[in-house]
Amino acid sequence: MSFRLFSQTVCDTVHLQTIDICASPSEFKRTTFQAGKKNQNLDTGLIKVLNVQSIGDLLNYQSAVFIKNYTPGSISSASARGGSAQQTVVMWNGININHPMLGQLDFSQINSSVADNIQIEYGASSSLWGSGAVNGIIHLNNSFKQQNSANVVYRYGSFNTHQSSGKFYFNALKLKSYLNAYWNQSDNDYKINDTLKLKNASFLTRGINGGLLYQLSHNQHLQIHSWYHIGERNIPNNYFMSKYASHQLDESFRNVANYLLQNEKWKLEIKGAYLFDRINYTDSTSKIFSNSKVHTFQTEEIFYKNINTSTQFVLGHQWIFNYAITSNYNGDKQLIRNSIFSGFSSQLKKLKWNVLLRKEWANIQSNIPITGNIGAEWITHSYITLKAQASYFYRLPTLNDLYWRNSGDVHLKPESGYQYEGGFVAKFPIKDIRSEFGIEWTMFNKITNNWIIWLPGGNGQPIPANIAQVWSRGTETDNYWLIHLNSGKIKWSVHTAYILSTIEKSTIPNDASIGKQLIYTPRYNINSTLQYVMRHFSAFYQFQYVGYRFVTSDNLQWLDPYSVSNLMLSYTFDFKRLQLSLSTGVNNLFNKRYMIIAQRPMPGRNYFIQLQWQLKSKN
């Protein structure tokens, strides 16, 4: 395979003066070294229609990722394949944006308009993405368009909820750019039961992100992305408590620059990033006033080389520096990490394979293992592809795990283990009725050693500890049926997951959790979306079923299963270059009472109306 084919993968053509970058430069890194892995692209049509929602809401109904949402606007984290939130990495244009102190990302703070495409990479991939890539990676990528265009959305909904976003694309000779702004606000005072309403739950989030792409010459370009976000929210206590006094401010400033130089024999990427995260938490009742800041600097250099027409070699280096400033630590703390990775990838007529190794060093007393993955895909038939992959992975302790005052432990071991998975992808066109049916089935098995859990300490303050070995295994399916109509389409997609994630060993004597399912890890998870599009009219129906979630480690207490349905109807008016869409919808259509987290009731039936304007240039 030559670099002419590489350029097709990342959608930049090196022999033309103008280029069209359809994804992050890291897209090549992701696609080239992921043979055998399960990867999912979220429906871009739904992203455009629902782009004032949080990304957590999109994932909730379009993937096998389980979103643990306390209440709308409150903490929302992702769990894939029976793992913790710290074991799922979120990448924004190739940069890890998980909070360094917490080790996870709050999805309630991310508006889906900040990304043009969203991809989910299931399973372990520490050798490619580094620490934390244990159960899955969620990629948020921005793109540059060839034409000038604008898209503005405003939605008003129940509980005095206002949501809006505006995205604009501009082009001038060798320069391409985009600019996006969003704003979400809600009283969030929905009914808990016939007599009570949720209190102290209002929230306000707003932000702006943009990017520039400048073509320096026919074979090199510079790409820059920036994103500023600020969120304010009141945090409700358990609904049976009478005092509500918690408030949190979240602020982040993310920047990444990527330089690309390539020819037909090799390719070089140089990346630099600066990230700033701040969390101010106050609880006047408990006399808690916490102010935490962390600065992150990151560089990455990756060199790709053609060995022959079908085999490529990669060599890369990554440096990450975290500097945390908080009253919760004994002074300012630093975490410095260096890693190198290298591997081969090859694609023959029917066989694609890759192997990759990574070694990391850090300024903490952790023995970080060498990690690696090997994977292969074999096209057995024009409609069927077999997949297999094996990985050895790791996750370093977070800054809070290491340095929390009177609790942190700098001697914590990194979580590590191995995973293997296998399955197939099949697509069957049915020409007689102009339709297509597709299914992807995956089975996985994973052992995680030195699982880090916070336990009650001797002084009443929780402490982190390596206490357990966890065995996660299960199956996932992604299915769709697409029917083309004369002037529209019908598409039905279903995502299922059956996951067992149990503690197999523990350092705690007589631990009642051995052999039991991890808390808040449903065994069954089913999501489905039915789309009907006919000329100017469209309808979307979403359904989710989540099984039992245990709330105690001995599995003696649990939350009942729940199912939720949403419905949205839309009509579009075309006026030459202007397109106006009017939509209305109902969330929790059948008014089900349910909780994702114990003592945190979710809203009942609620409504919204939405206006969307799209303007395109004359070109």
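Quick caveat: nothing in here was measured; it's all calculated off a predicted structure.

> If you had to explain the overall build of the protein chain to someone new, which residues and values would you point to?
Scanning the protein chain for helices and strands turns up six helices and 33 strands. Taking the principal axes of its C-alpha atoms as reference, the protein chain extends roughly 65 × 55 × 45 Å. Taken over 619 residues, the protein chain has a buried fraction of 55%. Long-range pairs, those at least 24 residues apart, make up 63% of the contacts in the protein chain with a sequence separation of at least 6. Within the structure as shown, the protein chain displays about 26200 Å² of accessible surface, and the carbon and sulfur contribution to it stands at 60%.

> Summarise the packing of aromatic side chains; cite the residues concerned and give the values.
Geometry of an aromatic ring pair is reported as the spacing of the ring centres plus the angle between the planes. Counted according to the given criterion, the structure contains 19 aromatic pairs. Ring centres 6.5 Å apart and planes at 85 degrees place the aromatic pair phenylalanine 550 and tryptophan 558 in the edge-to-face group. On the basis of relative accessibility, which here comes to 12%, the residue phenylalanine 550 falls in the buried class. With relative accessibility at 46%, the residue tryptophan 558 sits in the partly exposed group. Among the aromatic residues, those joined into a cluster by ring pairs are Tyr274, Phe297, Trp319, Phe321 and Tyr323. Just above the ring of tryptophan 471 sits the side chain of arginine 473; from NZ or CZ to the centre is 3.6 Å.

> Summarise the sheet that holds strand β6 (residues 117-122); cite the residues concerned and give the values.
Through backbone hydrogen bonds, the strands of a sheet pair up, either in parallel or in antiparallel fashion. Pairing is mixed in the open sheet, where five strands are placed in the order β1-β6-β7-β4-β5. Only two strands of the sheet have a single neighbouring strand rather than two, namely β1 (39-41) and β5 (95-96). Pairing between strand β4 (residues 88-92) and β5: two bridges, direction antiparallel. Among the inter-strand pairings, tryptophan 92 is bridged to a residue of β5, identified as isoleucine 95. Running over the sheet, helix α4 (residues 55-62) touches β1, β6 and β7 (136-141) and is turned about 55 degrees from β6.

> Residues and numbers for the pattern of salt bridges, please.
This structure, assessed with the given rule, holds 17 salt bridges. A salt bridge links glutamate 251 to arginine 278; the nearest nitrogen and oxygen atoms lie 2.7 Å apart. Of this pair, glutamate 251 sits in strand β13 (residues 246-262) while arginine 278 is found in strand β14 (residues 266-283), placing the two residues 27 residues apart along the sequence. Arginine 337 is paired through a salt bridge with glutamate 360; the nearest N and O atoms lie 2.7 Å apart. One end of the pair, arginine 337, is in strand β17 (residues 333-347); the other, glutamate 360, is in strand β18 (residues 351-362), with 23 residues separating them in the sequence. Three or more residues are tied together by salt bridges with common partners; here these are Lys38, Arg81, Glu421, Glu476 and Asp478.

> Explain the environment of aspartate 277 to me, using residue names and the numbers behind them.
Along the polypeptide, aspartate 277 turns up in strand β14. Spatially, the C-alpha atoms of aspartate 277 and threonine 296 are 8.5 Å apart, while their sequence positions differ by 19 residues.

> Account for the pairing of strand β33 (residues 606-616), with residues named and values stated.
Note: strand β8 (residues 149-157) against β33, nine bridges, orientation antiparallel. Bridge pairing in β33 places tyrosine 156 opposite isoleucine 609.

> If you had to explain the nonpolar core to someone new, which residues and values would you point to?
Judged by nonpolar contacts, the single largest core of 38 residues is most densely connected at Ile55, Leu59, Ile97, Ile118, Ile138 and Leu140. Counting residues per element, the ones that place at least two in this core are α3 (44-49), α4, β4, β6, β7, β14 and β24 (488-506).

> Provide a residue-level description of α4, including the pertinent values.
Taking burial as the measure, the eight residues of α4 include seven buried ones, the bulk of the element. For α4, the complete set of buried residues consists of Ile55, Gly56, Leu58, Leu59, Asn60, Tyr61 and Gln62.

> Give me the lowdown on unusual backbone geometry, citing residues and values where you can.
For leucine 173, which is not a glycine, the phi torsion comes out positive at approximately 55 degrees. One can find leucine 173 in the loop between β9 (161-172) and β10 (175-186). Notably, asparagine 406 is not glycine yet its phi reads approximately 65 degrees, a positive angle. Within the fold, asparagine 406 resides in the loop between α6 (399-403) and β21 (415-430).

> Can you tell me about the side chain of threonine 572, naming the residues and giving the values?
One can find threonine 572 in strand β29 (residues 562-575). A polar atom in the side chain of threonine 572 sits 3.0 Å from the side chain of serine 581. Setting aside its immediate chain neighbours within four residues, threonine 572 contacts His536, Gln579, Leu580 and Ser581.

> Please provide a residue-by-residue account of the confidence of the model for the protein chain, values included.
Keep in mind that low pLDDT regions are not for reading the predicted coordinates in detail. Residues at a pLDDT of 70 or more form 94% of the protein chain, whose mean pLDDT is 90. Note on residues 1-23: pLDDT under 50 across the span, and 69 contacts to partners over four residues away in sequence or across chains.

> How would you sum up the environment of proline 603? Please name residues and give values.
Mapped onto the elements of the fold, proline 603 is located in the loop between β32 (600-601) and β33. Proline 603 gets classed as buried once you look at its relative accessible area, which sits at 10%. Other than its neighbours up to four places away in sequence, proline 603 contacts Pro72, Phe159, Tyr190, Asn588, Lys592 and Tyr594.

> How would you sum up the pairing of β4? Please name residues and give values.
The side chains of a regular strand alternate, first on one face of the sheet and then on the other. With respect to burial, β4 is a largely interior element, five of its five residues being buried. Burial along β4 is two-sided: Thr88, Val90 and Trp92 and Val89 and Met91, pointing in opposite directions, are all buried. Here β4 folds back onto β5 in antiparallel fashion, the turn holding two residues, of which asparagine 93 has a positive phi close to 50 degrees.

> Just give me the short version of the side chain of asparagine 255, but keep the residues and values in it.
The residue asparagine 255 is located in strand β13 in this model. Among the polar contacts listed, one links the side chain of asparagine 255 to the side chain of serine 226, at a separation of 2.8 Å. Residue contacts for asparagine 255: discarding those within four places in its chain leaves Trp92, His225, Ser226, Gly272, Ala273, Tyr274 and Leu275.

> Which residues make up the environment of glutamine 147, and what values go with them?
Relative to the assigned elements, glutamine 147 resides in the loop between β7 and β8. A residue is classified by how much of its surface remains accessible, and glutamine 147, at 35% relative accessible area, is partly exposed. Remark: the alpha-carbon pair of glutamine 147 and asparagine 459, spanning 312 residues in sequence, is separated by 62 Å.

Here is what the cut-offs are and how they apply
- Each chain has its residues counted from 1, following the order in which its sequence is written.
- Only residues with pLDDT of 70 or above have their local features reported here, since the model is predicted, and side-chain atom pairs are shown and tallied only from 80 upward, although totals for entire chains, interfaces and linings are computed over all residues.
- With hydrogens and water excluded, all non-hydrogen atoms of the structure serve as input to the side-chain values.
- Under the DSSP-based scheme used, a helix requires at least four consecutive residues in state H or I and a strand at least two consecutive residues in state E, with every element numbered from the N terminus.
- Think of it in three bands: residues with accessible area under 20% of the maximum for their type are buried, residues over 50% are exposed, and the middle band is partly exposed, with areas taken using a 1.4 Å probe on protein chains only.
- Whether two residues touch is decided by their heavy atoms; if any such pair falls within 4.5 Å, the residues are in contact.
- Computed by Shrake-Rupley with a 1.4 Å probe, the accessible areas treat only the displayed protein chains as cover when residues are assessed.
- Pairing of aromatic side chains requires ring centres within 6.5 Å, counting the rings of Phe and Tyr and the six-membered ring of Trp. Pairs whose planes differ by under 30 degrees are stacked, by over 60 edge-to-face, and all others tilted.
- We call a charge positioned over a ring when the NZ of a Lys or the CZ of an Arg lies within 6 Å of the ring centre and within 35 degrees of the ring normal.
- Any two strands are treated as partners once DSSP identifies two or more bridges connecting them.
- To obtain an axis, a line is fitted to C-alpha atoms, over the contacting stretch when the element is a helix, and the angle between two such axes runs from 0 to 180 degrees between their N-to-C directions.
- In the sections that follow, a salt bridge refers to a side-chain nitrogen of Lys or Arg positioned within 4 Å of a carboxyl oxygen of Asp or Glu.
- Within this scheme, the nonpolar core is defined by two criteria: the residues are buried Ala, Val, Leu, Ile, Met, Phe, Trp, Tyr or Cys, and they are joined through side-chain atoms within 4.5 Å.
- Any pair of nitrogen or oxygen atoms within 3.5 Å is treated as a polar contact; in protein, a donor-acceptor pairing is required on top of that, and neighbouring residues in sequence qualify only through side-chain atoms on both sides.
- pLDDT gives the predictor's per-residue confidence on a scale running from 0 to 100.

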